[in-house]
Amino acid sequence: MAQTDWEWPMTDSQKSHSERAALLRPILYEMTTPVEDPTAATHSGKALSLNISSGGMLVLMDQAPAVEQVMKVYVPTPISVAETPTLAEVRWTRRLPFGKTNGNVTYFVGLKFMF
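Residues numbered from 1 in each chain as written. Predicted model: local features only at pLDDT ≥ 70, side-chain atom pairs only at ≥ 80, totals over all residues. Heavy atoms only, no water.

Asker: Help me out: how do you make sense of the pairing of strand E3 (residues 44–52) in this one?
Answerer: On a regular strand, each side chain points to the face opposite its neighbour's, so the side chains alternate between the two faces of the sheet. One ladder, built from eight bridges, connects strand E2 (residues 21–31) with E3; its direction is antiparallel. Bridged to tyrosine 29 within E3 is glycine 45. Examined bridge by bridge, E3 and strand E4 (residues 56–61) share four bridges and lie antiparallel to one another. Bridged to leucine 48 within E4 is leucine 60. Counting the residues between successive antiparallel strands, the hairpin from E3 to E4 contains three residues. (Pairing = 2+ DSSP bridges. Helix = DSSP H or I, 4+ residues; strand = E, 2+ residues; numbered from the N terminus.)

Laid out in structure tokens, this is it:
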């Protein structure tokens, strides 16, 4: 469910967030194609990672992918020449309350790694 308001519900969920580490890096991603339409074009692009944990990551994107959309994200590693492709599922999206005057908007996107 995409939410367009800045007023987000607040919950005390520090327990689930304690293992997050800041990771401010550009990452590449590819949207997977739906099983029912294997001829669909693959969309790829760049996002900005904000934080990461063993379970997922938070990124900024210039689009709001559908919840449950599966993406291949290229997770940065400590060695700058290596990136690890990982499947992740979109769990939620939130539109930032400010955008550019040309109509471009940015979204927080919560991803859950699929193991």
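There's more to say after this.
Asker: Could you clarify how one ought to interpret the side chain of serine 49 in this entry?
Answerer: You can see serine 49 is positioned in strand E3. Residue serine 49 is classed as buried on the basis of its relative accessible area of 0%. Within the structure, serine 49 has its side chain in polar contact with the backbone oxygen of leucine 23 (distance 2.7 Å). Excluding residues within four positions of it along the chain, serine 49 makes contact with Leu23, Leu24, Arg25, Ile27, Met57, Leu58 and Val59. (Buried < 20%, exposed > 50% of the residue type's maximum accessible area, 1.4 Å probe, protein only. Polar contact = N/O pair within 3.5 Å; in protein donor to acceptor, adjacent residues only side chain to side chain. Contact = heavy atoms within 4.5 Å.)

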